[in-house]
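Residue strings, one per chain:
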Amino acid sequence: MAHFSGEDEAMLQAMLRQLFQSVKEKITGAPSLECAEEILLHLEETDENFHNYEFVKYLRQYICNTLGSMIEEEMEKWTSDQNQGEEFGYDTVVQHVTKRTQESKEYKEMIHSLKNIMMIVVESMINKFEEDEIRSQERQKKIQKEKSSSYCTDNCSDSDSSFNQVCCLILPLCLEMVRYEALQTLCSAPPSDVLNCENWTTLCEKLTVYLSDPDPVFTKYLELYFLSRENNIPTLSTGIDISNPNVNHLLKKVFTFCNMLLFLLISLLSQTIRYMEEIVESTLSLLSVKHDQSHLVSQKILDPIYFLALVDTKAVWFKKWMVRKYGMFFYLSLHAITTAVQQCVQYFELCETMKGDEVLGHSKSCGIKQKTFYYSGQELQYIYFIHSLSLLGRLLIYTQGRKLFPIKLKTRKEDYSPASMATEVLCILCDQKECAIECLYNNTVIEALLQPIHNLMKGTKAAPNCSETALIHIAHILARIASVEEGLTLLLYGENMNSSEEKSPTGAHLIAQFSKKLLDEDISIFSGSEMFPVVKGAFTSVCRQIYGTCEGLQVLIPYSLHESIAKAWKKVRKLLDSRKKNNSSLLRKPCCLSYFQTVKYFAASVFSVNLIVGSIKLRFFFSSFENNKDIYTFLFTSFSMAWEENLLDDLLNFAATPKGLLLLQRTGAINECVTFMFNRYAKKLQKDNYVFLPQFKEVIYYKYDVKFFLGFINALITELWANLECGRDDVRVTHPRSTPVDPIDQSCQKSFLALVNLLSYPAVFELVGNQSLPNKTEYSLREVPTSIIDIIDRLIILNSEAKIRSLFNYEQSHIFGLRLLSVVCCDLDTLLLLEAQYQVSEMLLNAQEENTLETSESHREFIIDSLSVERNHVLVRINLIGGPMERILPPRLLEKGDEPYPWPMFSSYPLPNCYLSDCVTRSTDLKQDNDLGKLLLRFKMSDKQTAWIENCRRQFCKIMKAKPDIISGSALVELLEKFVLHLSESPSECYFPSFLSLLKDGAENDLTMVLKHCERFLKQQQRNYTSHDWFVSSLFIIMLGDKDKTFRFLQQFSRLLTSAFLWLPRLHISRYLPADTIESGIHPVYFCSTHYIEMLLKAEVPLVFSAFHMSGFAPSQICMQWITQCFWNYLDWIEICHYIATCVFLGPDYQVYICIAIFKHLQQDILQHTQTQDLQVFLKEEALHGFRVSDYFEYMEILEQNYRPVLLRDMRNIRVQST
């Protein structure tokens, strides 16, 4: 750049002018800017004089001077390696040297310098061109003005009206340029002024004369053109040859007419009704042109609609017009729909008279024969058919459009569609909910779509004309139908889901059966077909839409699709491993195409739309291969790798539901699936992590090596730190960052929620358990955290000046850490872990102590700032246990007035009494109303044990509805003891063996001993349970601290099914579970209870379910936290007692119903916090204000009537080994 002189600039300009002059004809002949760019990019391939251009010689010399020595050194290095025994092909050497050159500093500097030089030259040429153009236009206008004045002096001398002047200038006597400028002047005037002017009649006549010229396109002119016998319009038998000048000219007219229709929409709102009627009538008149039909169809003269379909195949003009929904346009629609239906019927008749292969060939050949600029009559029929289908699909979206049906035709009516455009029309209908429900979501349509599958399932003889292409399109439509709630319901249960008359299997069952046969390769008709994997992938995508929902998975579980998909994945993985060994050198060949692009182009032989593009790109890429065998091997391998990714994606979608996650775990492919998911997240191939990542977080850390996920965690924390503090590298700052006004800045909100989703207790235990903090003496300002330990050390526990000084935004970053601590500590197991390892409470108290001012010798006052207020809130939250009515959490915001923060701060224990609610501080009388106990004692024991149990349950429900408060204290203890005792003596109620010798001699009479004894017992039948046993702690308090009663109750209760779902340690990786469930490490509460919670939530409280889906937060997450810690900190103590008593008396399925009742209670709050994008934080931090179990008893009884059979069946089957 420093040596670039004015002479160099002039020289380069001359070189560029020579180049552009040489390629001028090629560029000006290009139909579009994109084509012109393609011509320049491939000039070396098409221009034999390319290397003789002075500009090309200049570039070659420039590169040689800059990079020549470096290229020679690299070549010498590779030559020496070859002499030492390493053999390299020429292509390999070139690729390596090119790669090293492009990665070098010299290359980047050369590109930068060359860009700057060319920018200067091009800018100078543009400026000079603009100056020359302006001077040329001024001269031209002066000449035109002189000439026009001579033609119009007599006609315009007596008129001052601008419109009269326009009338003069558009006369045929004037020059073409003058007439064009007059029209431009007319177009610049408001249309309303033109239509309402006094000279409109005269102006209209002269415009008609002008537009009647052969060159401009005009509706009336086109109509007359098609009606004239002198213009030799092509017939259907001869087809259309675009290279013919007359045909090409006519197509341009029709294309301009089509653009005119689109342009008119812009100004329709400002036009008069008369004008719009004229537009509609003139368009209808043109499209209604019909020639004499007396001769044979093959000799039929092509109507205007054929040419319109050719230039606008997908009827975009009609789509744009229908957007306005004007009533008068449906007058046009009535004609259009009649014509379209007639064309569809004719095409259907054509299909019946031809073989299926010929019809398929016609649809394929359209993309190929475009290169010859010729369309046969059959191809024109097909294009017109596409145009008609697009028009019909667009019209059916609107209510008024559907009212135009049925259309009566003289010919017969049929309802079937060939290939891709029919699929596209149906997909358009699927996109409009109201339209889809009315037109698509019925048994007739589904049966028609599934008929080819029915035939294939019966055998090859029943489906002689079924092709892979048709099946792929059917699968695409079914996937779109299954992606919406109404369509999924139709596939799962049929049109009459409450009727028992359905004898044939529903669509979902048939799709699952067919998909399983495809995956197991149990259909011989497709054996050896190259498109077979595409068919399999298409139908597994349909199944993915179904088993990605709880209700869909329930229907498809019997077909064990997860096993079939896993088997197919293992097969292709084995194939790839073997090919990798045999063709390692070929697989190292760099690929410019992604796997999915390879699949797309590999399948282009069927999908003609992509045929040309795919073949060109593949031909360009494969030109470097030595022979066709290598090309096929590479393509097949790439396709197999794409198929493997597709299968992993299918398996990964099982994790969209809790029970699906269990099935995925049983396949043995969870490691690969999680790696696949995290890699896609890390590479930013998706805007966000998978929506079912929350399901993974509950289980991925139970048994897998933590290093398996460190890459994902590292990427997440690096992204957080870049937004919160700084990036890893210095980045040029063009605008200063705005000062955050929220506690957590919007730029960090996504990372905050991702950490909240990730850091459940199992994850925290695996990531930080038994690990100490770094606590370095010095931190670099550019030292970026890479782990959760680093986040705790740098953002939460800031117990040294070195940590504080290492933060650019100390206050903002520390508040982020405290907010994160507040949310994760809502999980009481996480709180106990962090408190035991890092003494977080002591750290916060010390920080509060340091944040004081000495006002006198004996008194210090706390400094009230954002950090001290946040620390005060966290201290109260983690040191007080209680429900919404039992503890008071200080707010995080200051109040207006003289006392902005009236809540007392503290730096030592005990906490101020103001944070304890009055209902807790007052003395509690443990002697509660014992009417319930007396009532149950009056029941006479009899041989009919079942009747006695049901009688007790009815009485319990009655009292819970009338006087729920009496079910507490000693009455609750007696009630639980007697009821559980009788249940444990009933063989029909016992599902697990009892445990003996629980009590040990000399055991201390306190909770610690109870917990230790339970842990010692449970270790005999399971692996270590690292969480606290919140159920035993709750039961110990319910039993008023009596260890003997607690032990006896646990001994009897452990035999009941309810114990598996209330007492989580009871079946944590227990030997009483099936082997594959033990191997998965997933608790029955997760794959059974929370699975049905999500399923019932979608049916009972759909708005809440949608809110969870939108937030990327699964209901199973928060439910697992609630259930694991027995609702501690979420419900008041009496409600916790009622929760346990209700599940014990009425059954474990009431655990599901209570959670559904909670979500119903929180519906408005959940919807509100979904909008503010903090749903996860709200549900974790906030107690369940106002919720009482007794208030929702009637609602839960309704849920029991509707769902109990299914729920209890699955709950009882948790011990059944999967098949």
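Residues numbered from 1 in each chain as written. Predicted model: local features only at pLDDT ≥ 70, side-chain atom pairs only at ≥ 80, totals over all residues. Heavy atoms only, no water.

**Student:** I'd like a description of the overall build of the chain, backed by residues and values.
**Tutor:** When its secondary structure is counted, the chain shows 63 helices and four strands. Expressed as a percentage of its 1219 residues, the buried residues of the chain come to 50%. For the chain, contacts bridging at least 24 residues in sequence account for 75% of all contacts bridging at least 6. (Helix = DSSP H or I, 4+ residues; strand = E, 2+ residues; numbered from the N terminus. Buried < 20%, exposed > 50% of the residue type's maximum accessible area, 1.4 Å probe, protein only. Contact = heavy atoms within 4.5 Å.)

**Student:** Give a description of the nonpolar core that names residues and reports values.
**Tutor:** Membership of the largest hydrophobic core comes to 236 residues, with the highest contact counts inside it found for Phe539, Phe1127 and Phe1159. Setting aside chain neighbours within four positions, we find Phe539 in contact with Ile453, Leu471, Ala475, Leu478, Ile511, Phe514, Ser515 and Leu518. Within the second largest apolar cluster, 48 residues are counted, among which are Phe257, Ile279, Ile383 and Phe385. (Core = buried A, V, L, I, M, F, W, Y, C linked by side-chain atoms within 4.5 Å.)

**Student:** I'd like to hear about the packing of helix 34 (residues 658-667) against helix 56 (residues 1084-1100), residue by residue, with values.
**Tutor:** Where helix 34 meets helix 56, the axes come as close as 7 Å, and the angle between the chain directions of the two elements is 140 degrees. Comparing their axes, helix 56 and helix 34 come out oblique. Of helix 56, the residues touching helix 34 (which contributes Pro658, Lys659, Leu661 and Leu662) are Tyr1086, Phe1087, Thr1090, His1091, Tyr1092 and Glu1094. Its residues assigned to classes, the contact of helix 34 with helix 56 comprises six nonpolar, two polar and two charged. (Axes fitted to C-alpha atoms, helices over the stretch in contact; angles between N-to-C directions. Parallel < 35°, antiparallel > 145°, perpendicular 65-115°, else oblique. Nonpolar A, V, L, I, M, F, W, Y, C, P; charged D, E, K, R; others polar.)

**Student:** Lay out the pattern of salt bridges with the relevant residues and their values.
**Tutor:** Tallied over the entire structure, the rule returns 24 salt bridges. Lys1098 serves as the salt-bridge partner of Glu485, at 2.8 Å between the closest nitrogen and oxygen. Of the two residues, Glu485 sits in helix 25 (residues 485-493) while Lys1098 sits in helix 56, which places them 613 residues apart along the sequence. The closest approach of N and O atoms between Lys1043 and Asp1044, which form a salt bridge, is 3.0 Å. In this structure Asp1044 comes out as partly exposed when scored by relative accessible area, which is 33%. One network of salt bridges, in which partners are shared, links Arg819, Glu870, Arg892 and Glu1181. (Salt bridge = Lys/Arg side-chain N within 4 Å of Asp/Glu carboxyl O.)

**Student:** Break down helix 44 (residues 828-838) for me, citing the residues and quoting the values.
**Tutor:** Of the residues making up helix 44, those classed as buried are Leu828, Asp829, Thr830, Leu831, Leu833, Leu834 and Tyr838. You can read the cap of helix 44 off the contacts: a side-chain oxygen lies 3.1 Å from the backbone nitrogen of Asp829, and it is on Asp827. At the exit of helix 44 stands Gln839, carrying a positive phi of roughly 50 degrees. (Polar contact = N/O pair within 3.5 Å; in protein donor to acceptor, adjacent residues only side chain to side chain.)

**Student:** An account of unusual backbone geometry is needed here, citing residue identities and associated values.
**Tutor:** The residue after Tyr909, namely Pro910, is reached through a cis peptide bond having omega 0 degrees. Following the sequence through the fold, Pro910 ends up in the loop between helix 46 (866-879) and helix 47 (918-921). Phi is positive for Leu1040, close to 60 degrees, though the residue is something other than glycine. You can see Leu1040 is positioned in the loop between helix 52 (1030-1038) and helix 53 (1043-1053).

**Student:** Residue-level account of the packing of helix 56 against helix 58 (residues 1115-1124), with values.
**Tutor:** Running from N to C, helix 56 and helix 58 point in directions that differ by 125 degrees, and their axes come no closer than 9 Å. Here helix 58 runs oblique to helix 56, going by the angle between their axes. For the pair helix 56 and helix 58, the crossing hand works out as right-handed. Along its contact with helix 56, which presents Val1085, Tyr1086, Thr1090, Ile1093, Glu1094 and Leu1097, the element helix 58 presents Pro1115, Ser1116, Cys1119, Met1120 and Ile1123. Of the residues that constitute the contact of helix 56 with helix 58, the class distribution is eight nonpolar, two polar and one charged. (Left-handed = near helix turned anticlockwise from the far one by under 90°.)

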